[in-house]
Amino acid sequence: MIVSNLPNEPKYNYVYKIVYKITKRYYYGVHSTNNLFDDYMGSGVELNNQYKIRGKEDFFKFYLYSFNTREQAFQKEKEIVTYDIVNDGMSYNNRIGGSGYYNYNNVVVYDFSGKPISISKDNENYKNGVYKSVWRGT
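Residues numbered from 1 in each chain as written. Predicted model: local features only at pLDDT ≥ 70, side-chain atom pairs only at ≥ 80, totals over all residues. Heavy atoms only, no water.

## Description of the overall build of the chain
Scanning the chain from N- to C-terminus turns up four helices and five strands. Helices and strands appear in the chain in the N-to-C order β-β-α-β-α-α-β-β-α. Among the 138 residues that make up the chain, the fraction classed as buried is 44%. By sequence separation, contacts in the chain at least 24 residues apart represent 49% of the contacts at least 6 residues apart. Here the chain has roughly 8300 Å² of accessible surface; of this, 51% comes from carbon and sulfur atoms. (Helix = DSSP H or I, 4+ residues; strand = E, 2+ residues; numbered from the N terminus. Buried < 20%, exposed > 50% of the residue type's maximum accessible area, 1.4 Å probe, protein only. Contact = heavy atoms within 4.5 Å. Areas by Shrake-Rupley, 256 points an atom, 1.4 Å probe, with all protein chains shown as cover.)

Right, dumping it as structure tokens:
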């Protein structure tokens, strides 16, 4: 595990994979922390819904890559979480990786199959009301 020495940078910046042990559905993400044992298990909308239904004890977390900076971790996530991963029925990821959870120009909507995905607020289908936001007021 690489440990950051940069000021104001969390000590650990890593890419992880979470797998539901029964179906093998999965989620990739980035986490930055000063405590590797902070019990962080991802922030994906669908993933967190599954935790409420099934409980976190049925999910495994794997540390895949570690980096000196959060930006490096997001770059790796961008390489991993592609359009193909987002559209894989086994994936809990609902948007392409590389920018972190908070992207103020994006909104999470339900696609035509009912899966939550993140799209740009400039997307024509969103602007025209074809896609409806998962959250009120966005």
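## Overview of helix α1 (residues 45-54)
Since one α-helical turn is 3.6 residues long, residues separated by three or four positions face the same way. All of the buried residues along α1 are Val45, Glu46, Leu47, Gln50 and Tyr51. Where α1 terminates, the next one or two residues include Gly55, which has phi positive at roughly 85°.

## Things to note about the side chain of Asn13
With respect to the element layout, Asn13 can be found in strand β1 (residues 12-20). At 3.4 Å, the side chain of Asn13 forms a polar contact with the backbone oxygen of Pro10. (Polar contact = N/O pair within 3.5 Å; in protein donor to acceptor, adjacent residues only side chain to side chain.)

## A few points about the pattern of salt bridges
In total, this model carries four salt bridges according to the counting rule given. Close ionic contact of Arg25 with Glu46 constitutes a salt bridge, the shortest N to O distance being 3.1 Å. Of this pair, Arg25 sits in the loop between β1 and β2 (26-33) while Glu46 sits in helix α1, and the two are 21 residues apart along the sequence. The pair formed by Arg25 and Glu46 is uniform in burial state, with each residue classed as buried. (Salt bridge = Lys/Arg side-chain N within 4 Å of Asp/Glu carboxyl O.)

## Quick word on the side chain of Ser91
Locating Ser91 in the fold gives a position in the loop between α3 (83-86) and β4 (106-110). Within polar-contact distance, the side chain of Ser91 engages the backbone nitrogen of Asn93 at 2.9 Å.

## Comments concerning the packing of aromatic side chains
In total, this model carries nine aromatic pairs according to the counting rule given. A ring pair is formed by Tyr14 and Tyr16, whose centres lie 6.1 Å apart and whose planes are at 65°; its orientation type is edge-to-face. When the centroid spacing of 4.7 Å and the interplanar angle of 55° are considered together, the rings of Tyr14 and Tyr63 count as tilted. In this pair, Tyr14 sits in strand β1 while Tyr63 sits in strand β3 (residues 59-67), placing the two residues 49 residues apart along the sequence. Chaining the aromatic ring pairs together yields one cluster made of Tyr14, Tyr16, Tyr27, Tyr40 and Tyr63. One cation-aromatic arrangement involves Lys17 over Tyr26; the distance from NZ or CZ to the ring centre is 5.1 Å. Sitting above the plane of the Tyr16 ring, Lys61 keeps its charged end 5.2 Å from the centroid. (Phe/Tyr/Trp six-rings, centres within 6.5 Å; stacked < 30°, edge-to-face > 60°. Lys NZ or Arg CZ within 6 Å of the ring centre and 35° of its normal.)

Structural measurements only, silent on function.
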